[in-house]
Amino acid sequence: MKSGWIAATALASLLAGCAAPGGSDFNPVDSGIPGAGPQSTRATFEMTGLEPFPRYAFSTNGRNSPADALVAGGGSTLRSADRNLVVEVESRTYLMRQVELDGNIYVVAEGAAPVASMPSAIRARSGCLVQPVPLRSGDAAVYTLDCS
């Protein structure tokens, strides 16, 4: 009985604090500004100090899967170091490029096996959401991006 009374009292105190003027808000304590709550759920992402991936776009007549992104542009043509960005993630070096196939966007990372923080490193340079599980083929990993 006593624990029920304590719980009811705590709930009543919480609700009274929220209903009081200057009660619960999103401004700093004692700022004197009435709380307005969040106005937007839209988040923006800004790349600062990071070189973006080289971008290549191709029209593929419907062939736009991660596997197609790996061989886009003739396969070996885009695999040369001068056509990629050298990126170091967790002390491992990768040659990386962004490939767009009929509106679908991928990042191809060649070199060492992908590490757990690879999606975060790709997001930092692309500004896009990254599907965490890549397509793997030999020494390459292809990540699908959502830039909408």
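This write-up is about the structure you can find in this document. All values derive from a computational prediction rather than experimental measurement.

1. Things to note about the pairing of strand S3 (residues 92-101)
Now for step 1: With four bridges joining them, strand S1 (residues 55-58) and S3 adopt parallel strand pairing. Its bridge partner being in S3, Arg-55 is matched across the sheet by Gln-98.
Now for step 2: Alignment of strand S2 (residues 85-89) against S3, held across five bridges, turns out to be antiparallel. Each bridged residue has a counterpart across the sheet, and for Glu-88 the counterpart in S3 is Thr-93.
Now for step 3: Hairpin connection from S2 to S3: two residues lie between these consecutive antiparallel strands, with Glu-90 at a positive phi of about 50°.
Now for step 4: In terms of strand pairing, S3 meets strand S4 (residues 104-111) through eight bridges, oriented antiparallel. Paired with Tyr-94 across the bridge in S4 is Gly-111.

Rules of the game
Residues numbered from 1 in each chain as written. Predicted model: local features only at pLDDT ≥ 70, side-chain atom pairs only at ≥ 80, totals over all residues. Heavy atoms only, no water. Pairing = 2+ DSSP bridges. Helix = DSSP H or I, 4+ residues; strand = E, 2+ residues; numbered from the N terminus.

By themselves, these are just geometric observations and shouldn't be taken as functional.
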